[in-house]
Amino acid sequence: MAQYSRVSGTVGLITLLNPPVNALSAAVRQGIVDTMDKALSDRKVKSVVICGHNGKFCGGADIREFSSPLTGPPLIPLIQGVESAAKPVVAAIEGVALGGGLELALGCHYRIAHSKARLGLPEVHLGLLPGAGGSQRLPRLIGVPAALDLITTGRHVTGAEALQLGLVDKVTDRNTVDEAVKFALSVADQPPNSRRVSTFPCPRHPDLDALFEGAMQRVRQRARGALAPVACVQAVRAAATLPYAQGMERERELMATLFTSGQARAQQYHFFAQRAVGRWSMPSGARWDTTKPGAVHKAMVIGLGTMGRGISVALVQAGVSVVAMETNEKQLMEAKQAISSMLERGAKRRGVAPALDKIGYSSNMEPAADVDLVIEAVFEDMALKKKVFQQLSALCKPGTFLCSNTSGLDIDQLASETRHPELVVGMHFFAPAHVMKLLEVVYGSRSSPQAVATAMELGKQMGKVSVAVGNCRGFVGNRMLKPYLEQAFFLLEEGTTPEFVDQVLEEFGFAMGVFRMSDLSGLDVGWRVRKADGLLNASEGHSARIRQGCRYSPLGDLLCEQGRFGQKTGRGWYQYDKPGGRVAKPDPWLHGFLEKFRTQHGLVARRIDHQEVLERCLYALMNEGFRILEDGIAAGPEDIDVIYVLGYSWPPHRGGPMFYAGMVGLQKVLERLEHYHQEHPDIPSLKPCNLLRNLVVNGSPPVHKWREFLKKPQSQL
Ligand SMILES: CC/C=C/CC(=O)SCCNC(=O)CCNC(=O)[C@H](O)C(C)(C)COP(=O)(O)OP(=O)(O)OC[C@H]1O[C@@H](n2cnc3c(N)ncnc32)[C@H](O)[C@@H]1OP(=O)(O)O
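- For the chain, an unreviewed UniProt entry supplies the name Peroxisomal bifunctional enzyme and the organism Oryzias latipes.
- Within the UniProt record for the chain, the comment given under Pathway (unreviewed entry) is "Lipid metabolism; fatty acid beta-oxidation."
- UniProt, in its Subunit (unreviewed entry) section for the chain, records the words "Monomer."

Here it is as structure tokens:
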């Protein structure tokens, strides 16, 4: 709703009231209409200020209302009504003015913002465009290039940057509403006719065609099949080339297409899923809202390879003092330099001073005695990690949390090396750790709720979306990756090429196909894990393509035996012009190698189509996701989906693997898995899991209802 009062004698003050972000729900929209009527009909009122309750102007349209039919006054005529008011209307922007919130402010005749307020049109991240006149008013106000940038990236700008762009008229560091009221008093006698942004001509640009061609090319490259960024460019083009009324009509058409595309639903699901994962729970019943995290003022990072460096930077940037430790002197020197320059670059980007005094270095473990939390980031080797945990347990003061950045090793085994296993959790970062938004927080069977809460909170402090998951091999992300990779290998054996598989997956929307991805992360990583698992050699009398009773592809191992570790050696599934080269080129050697392999193993290459690549790779991955839910390793489908979108480049406009399973139809996923499992009975990951069957038997409920079908979670180990 909206509150109304008259202040300073002649100013009508409208306050949007819908905590926590004053989203424009039906009640708020009705409130604005009613209070505007009041202000305009009150003869004592000469000007109007619109502000938001509790220091937040407005977080935009109420996204929760998008899934039901519209009730209450629609936003477009509401904003039109504000703009055409005969009395000057001033927006007092504090906190946030996003999406429909900024569009409302654009309908006002003046905008006064706090210098730290955040303004933006982030609809593109929800699969939409600024569909309440924002795509038409913003270019008229700040010009086409700047509007294209804000609308297609959805980025927020501060009040200070907004002033430079011409988006606001004045910036203040004082109380914004008081300033806006003063301003409203000063313009009370000025008719607002010349302040209506919809009547402004769009500023001219010397070469509109080239500008829009360039913008379209850029968004198509980044969009990975998402429709919204493309529609945003089309809408701004309409603003630049058509009269306002026709531009609004084009905005409406484009918005209608997006709204019904399915992509918007997926992206809105992703928005809420990112917030839902913060409300974690553990099998013991411990929860986010009943567990207090421990304080972390000082942390230690052990092992300064790529991950340790990124983690150190992320901690320092979050305001935590860090001791970064590395036993190898040469590596330590290199790490010091690398970390300092990462901190300097980050600080420059954020316009602050680099917090170089927040980090110290050590070549031994002793400083561990004086820290609140340790993150171990040594080489992925259980024996080595166990030794580190034994040492830490002996050195650390009581209550120090011990975390491992393992990407899949058993947290319980590490905990059992310590005197206080309840203080041990996994903190699985993703490379580069100071950039990637995802953190998997892994609780073992003895991890205390406080240890989990502390890791979750620390992740949040570092600007990450933290997801709490149970302890099993590979946790959630890497566990699901295994059947996906396996299918890709099997498809090569059966007749296709890495280029075709990658092309299909990239067309689906992954930033990189599975083979380009493997080349980037290094083929030797998986090779070492398979070696440790005793998978490299076939047992006597068994085919080279069978291990532990199941189908196995030795293709990856054979490449590693040839020293083909991917980008770093200049050869992998592709060839590169030099070791460390980044441009993947098809490699005739690899094609010959695949042919030879097939002949050797009596395999006849067959034609594999687009659909089979997608279904075999993705449905196997989704099936593992259902197993993870069944095992209670993830508390709900949202956890898995957030992990995949933020950590594994799953396209956000497809929601995440579990959401996508629902979009495809659970019945169809089940049938196709049954079909492929019948064709390949020696591949257990293709056997549909019980939860999937159960959901289908129960009428394929929508994804938000799946939790009702999950057993109470149990630790698996
Ligand atoms: C034709 C009409 C077209 C209109 C287009 C639009 O306006 S679409 C909406 C555009 N707005 C946005 O995309 C903003 C989305 N919100 C945010 O980016 C952030 O929430 C925030 C406003 C920057 C605040 O961030 P903060 O970290 O402080 O809080 P949370 O993100 O945790 O949010 C708090 C709770 O508020 C819920 N929420 C936020 N925005 C909206 C919204 N626009 N509609 C509905 N609900 C919203 C959010 O979900 C959190 O609640 P949970 O219960 O925890 O989920």
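### Things to note about unusual backbone geometry
Reasoning step 1: Residue Pro20 is bonded to the preceding Pro19 through a cis peptide linkage, with omega at 5°.
Reasoning step 2: Position of Pro20 relative to the elements: it lies in the loop between β2 (11-16) and α1 (26-41).
Reasoning step 3: Put simply, Ala431 and Pro432 share a cis peptide bond, and its omega is -10°.
Reasoning step 4: Along the chain, the position of Pro432 falls in the loop between β15 (424-429) and β16 (438-443).

### What to know about the pairing of β2
Reasoning step 1: Most of β2 is tucked away, with six of its six residues classed as buried.
Reasoning step 2: Side chains Val11, Leu13 and Thr15 project from β2 onto one buried face, and the interleaved Gly12, Ile14 and Leu16 project onto a second face that is buried too.
Reasoning step 3: Of the pairings in the sheet, the one linking strand β1 (residues 2-7) to β2 comprises six bridges and is antiparallel in character. When the bridges of β2 are listed, Ala2 appears paired with Leu16.
Reasoning step 4: Connecting β1 to the next strand, β2, in antiparallel fashion are three residues, including Ser8 with a positive phi near 45°.
Reasoning step 5: With six bridges connecting them, β2 and strand β3 (residues 47-52) associate as parallel partners. The partner of Gly12 across the bridge, within β3, is Val48.
Reasoning step 6: After leaving β2, the chain enters α1 and then returns to the sheet as β3, a path that is right-handed.

### Description of helix α9 (residues 228-241)
Reasoning step 1: With 14 residues, α9 should reach 20 Å at 1.5 Å per residue; the first-to-last C-alpha distance of 20 Å fits that figure.
Reasoning step 2: Here α9 lies mainly inside the structure; 10 of its 14 residues are buried.
Reasoning step 3: Regarding α9, the residues found buried are Ala228, Pro229, Val230, Ala231, Cys232, Val233, Ala235, Val236, Ala238 and Ala239.
Reasoning step 4: Those residues of α9 hidden inside the fold are in contact with α4 (134-142), α5 (144-153), α8 (208-223), α10 (244-259) and α11 (263-276).

### Some remarks on the sheet that holds strand β14 (residues 401-404)
Reasoning step 1: Across the sheet, which stays open at both edges, the eight strands sit in the order β12-β11-β10-β13-β14-β15-β16-β17 with mixed pairing between neighbours. The open sheet terminates on both sides in strands that have one partner only, identified here as β12 (359-362) and β17 (465-470). Taking each pair of neighbouring strands and ignoring which way they run, the sheet shows an average axis angle of 25°.
Reasoning step 2: One ladder, built from six bridges, connects β16 with β17; its direction is parallel. Bridge pairing links Leu438 to Val465 in β17.
Reasoning step 3: Across the face of the sheet, helix α13 (residues 329-350) comes into contact with β11 (321-325) and β12 while running at roughly 170° to β12.

### Comments concerning the site of the ligand
Reasoning step 1: Close contacts around the ligand come from 23 residues, with Gly59, Ala61, Ile63, Gly100 and Arg275 the closest.
Reasoning step 2: Contact between the ligand and Gly100: an oxygen atom at 2.7 Å from a main-chain N or O atom of the residue.
Reasoning step 3: Within the contact set of the ligand, an oxygen atom lies 3.0 Å away from a side-chain nitrogen or oxygen of Arg279.
Reasoning step 4: Considering the ligand on its own, with 1000 Å² of exposed area, one finds that the protein chains cover 75% of that surface.
Reasoning step 5: Per element, the largest residue contribution to the shell around the ligand is three residues, and it comes from α11.
Reasoning step 6: Tallied by class, residues from the shell around the ligand come to 12 nonpolar, five polar and six charged.

### Some thoughts on the packing of α4 against α10
Reasoning step 1: Between α4 and α10, the least distance of the axes is 8 Å, while the angle of their chain directions is 135°. By the angle class used here, α4 and α10 are oblique. The segment α4 lies against α10, with Gly134, Ser135, Gln136, Arg137 and Arg140 engaging Tyr244, Gly247, Met248 and Glu251.
Reasoning step 2: Among the residues forming the contact of α4 with α10, the class breakdown is two nonpolar, four polar and three charged.

### Side note on the UniProt feature "domain: 3-hydroxyacyl-CoA dehydrogenase NAD binding" (unreviewed entry) in the chain
Reasoning step 1: According to UniProt, the feature "domain: 3-hydroxyacyl-CoA dehydrogenase NAD binding" (unreviewed entry) maps to residues 299-471 in the numbering used here.
Reasoning step 2: Helix makes up 38% of residues 299-471 and strand 23%, whereas the separation of the span's terminal C-alpha atoms amounts to 23 Å.

### Brief notes about the domain arrangement of the chain
Reasoning step 1: Partitioning the chain into domains gives domain 1 (2-259), domain 2 (298-475), domain 3 (496-600) and domain 4 (610-716).
Reasoning step 2: Just the C-alpha atoms count here: the centres of domain 1 and domain 2 sit 42 Å apart.

Criteria and thresholds
Residues numbered from 1 in each chain as written. Predicted model: local features only at pLDDT ≥ 70, side-chain atom pairs only at ≥ 80, totals over all residues. Heavy atoms only, no water. UniProt positions renumbered as here; feature names shortened; annotations may be inferred. Helix = DSSP H or I, 4+ residues; strand = E, 2+ residues; numbered from the N terminus. Buried < 20%, exposed > 50% of the residue type's maximum accessible area, 1.4 Å probe, protein only. Pairing = 2+ DSSP bridges. Right-handed = clockwise from strand over helix to strand, strands pointing away. Expected span 1.5 Å × (residues − 1). Contact = heavy atoms within 4.5 Å. Axes fitted to C-alpha atoms, helices over the stretch in contact; angles between N-to-C directions. Near = heavy atom within 4 Å. Polar contact = N/O pair within 3.5 Å; in protein donor to acceptor, adjacent residues only side chain to side chain. Areas by Shrake-Rupley, 256 points an atom, 1.4 Å probe, with all protein chains shown as cover. Nonpolar A, V, L, I, M, F, W, Y, C, P; charged D, E, K, R; others polar. Parallel < 35°, antiparallel > 145°, perpendicular 65-115°, else oblique. Domains from an automatic or database assignment.

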